[in-house]
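# Structural features, examined
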Amino acid sequence: MHDLNFRLPSFDAALAGLPATPAHAVESDEAFWGAVGSLYSTSQALTNLENGYWGVMAEPVKAVFRHWTDRVNHENTLLIRDHWPRALEQLRRTLAAALGCDASEIALTRGATEAMLALIAGYNRLQPGDSVLYCDLDYPAMRYAMEWLRERRGVVPVRFAIPEPATRDSVLQTYADMLERHPNTRLVLLTHLSHCTGLVMPVRELAALARAAGAEVVVDAAHSWGQLDFDVRSLDAPYVAFNLHKWIGAPLGCGCLYIRHGSVSRIDPYFGDRDFPADDVRSRIHTGSPNFAAWLTIPAALQLHQRIGAHAKALRLRHLRDHWVGRARALRGVEILTPDDTSMVAGMTAFRLQGRTTTADNDAIVAALRDAHGVSTVRRTGPARGDVVRVTPAIYTSPAELERLLAGLRSVTGADS
Ligand SMILES: Cc1ncc(COP(=O)(O)O)c(C=O)c1O
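Because the structure is a prediction, the values reported are computed rather than measured.

### Describing the sheet that holds strand β3 (residues 131–135)
Pairing between the strands of a sheet is mediated by backbone hydrogen bonds and can be parallel or antiparallel. Spatially, seven strands are ordered β2-β8-β7-β6-β5-β3-β4 in an open sheet, and the strand pairing comes out mixed. Only two strands of the sheet have a single neighbouring strand rather than two, namely β2 (106–109) and β4 (156–160). Across the sheet, the axes of successive neighbouring strands diverge by a mean angle of 15°, strand direction being ignored. In terms of strand pairing, β3 meets strand β5 (residues 185–191) through three bridges, oriented parallel. By the bridge assignment, V132 is partnered in β5 with L187. Running at roughly 160° to strand β6 (residues 216–221), helix α8 (residues 203–212) makes contact with β5 and β6 of the sheet.

Structure (structure tokens):
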């Protein structure tokens, strides 16, 4: 009774019933991905190519979430009051093992935004007159926070644009130039995988560039973990924020922040937190009562993620991206916002129709794809050269569904006529 160590037999059975992840050519093994897809129940009203907002849970994970939701609302504090601290520590250990770091380097949050804002706002190494850098492809809430540092710390925020088309060299050169032009830079915002275009930033190299210039990076990894296969240490960055409710498949309300060993003193305790000692990462965020059921479902989501395989997921998502991008590139007037360089792209990619750069232009394209072709995408504003339409398949998307997008693209570019 009131024990948080519980396993749902239907969850274990569902995972046991999944075929083994193929060792070769997994990305195009439709039988395997069909079996994975059958774990999901999603609306068929439209072909959903807007899986970037958040990720739906697989049915077996949803069953675990229901289990915990029922119990949290039945047992109330009998379940949580005594058992939660121990359960939370177990959760941190599970999560840290999956991320490839120490449990003492992470704290759970309700999402990436909460984690990023705590890191940016708390960064205490800034002096009036210092510069902080961010770019057009960074997420709006984080760009706002970088601007707000002007009022909070008296710094000079500098915004710049990532070149189009972006390449690894052009991205590295742009940050190198910005750091040279602004030698007082102390903090650089990096988005590992841009929500606007899908561009993947060479974070490790950029962190090294920043370090050499006397600056540190704060990394928004909201979209990357689960879409790409990596562990946090490979980024070689001191401050990173993650989402678990996008590509890990946990319930909404799950994220975490990472502060590398030795860096915690550079982030202020969150609103003067006194629950934890000053050298404890947990004092850098204070969420109050979280959605206990959501957080208790994290291990199940991670287990499914690992059962399918982080590497297999990354390969499949890029395969789906390559499927439509390869054909769309041949259509006149279609600009693809990510390069094919496998180190710079994942599953999500945006396109722009030449000359159609306004919000209204791109809303109209999204509406045409939806209304005439039954395909759901989303317009993104941010890139300095103009708005774009973002296309985000999920691991349950089939190549056949991408053909509907391609039919829509042929129609909106006039290739049909
Ligand atoms: C790059 C990036 N950062 C942060 C966020 C915010 O995530 P959340 O709203 O889950 O906190 C998103 C959401 O799409 C994102 O794409």
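### Focus: helix α5 (residues 112–122)
Every α-helix winds through 3.6 residues per turn, so residues three or four apart in the chain are directed the same way. Three or more residues of α5 are buried, namely A112, A115, M116, A118, L119, I120 and G122. Tucked inside the fold, the buried residues of α5 contact β2, α6 (140–153), β6, β7 (239–243) and β8 (255–259).

### Overview of helix α3 (residues 59–75)
Compared with an ideal rise of 1.5 Å per residue, which puts 17 residues at 24 Å, α3 spans 24 Å between its outermost C-alpha atoms and is within 8% of the ideal. Taken together, the buried positions of α3 are P60, V61, V64, F65 and W68. On an axial view of α3, the arc spanned by its buried residues comes to 145°, and they lie on one face. Residues of α3 that are exposed and point over 90 degrees away from its buried face: D70, N73 and H74. N76 sits one or two positions beyond α3 and adopts a positive phi of about 50°.

### Here's the deal with the sheet that holds strand β12 (residues 378–380)
The antiparallel open sheet is built from four strands, whose spatial order is β9-β10-β13-β12. The open sheet has two edge strands, β9 (334–336) and β12, and neither has a second partner. Averaged over all pairs of adjacent strands, the angle between their axes in this sheet comes to 40°, without regard to strand direction. Relative to strand β13 (residues 388–391), strand β10 (residues 349–353) runs antiparallel, the two sharing three bridges. Its bridge partner being in β13, T349 is matched across the sheet by V391.

Calculation rules
Residues numbered from 1 in each chain as written. Predicted model: local features only at pLDDT ≥ 70, side-chain atom pairs only at ≥ 80, totals over all residues. Pairing = 2+ DSSP bridges. Helix = DSSP H or I, 4+ residues; strand = E, 2+ residues; numbered from the N terminus. Axes fitted to C-alpha atoms, helices over the stretch in contact; angles between N-to-C directions. Contact = placed C-beta atoms within 7 Å. Buried ≥ 20, exposed ≤ 12 C-beta atoms within 10 Å, placed from the backbone. Expected span 1.5 Å × (residues − 1). Arc of directions from axis to C-beta.

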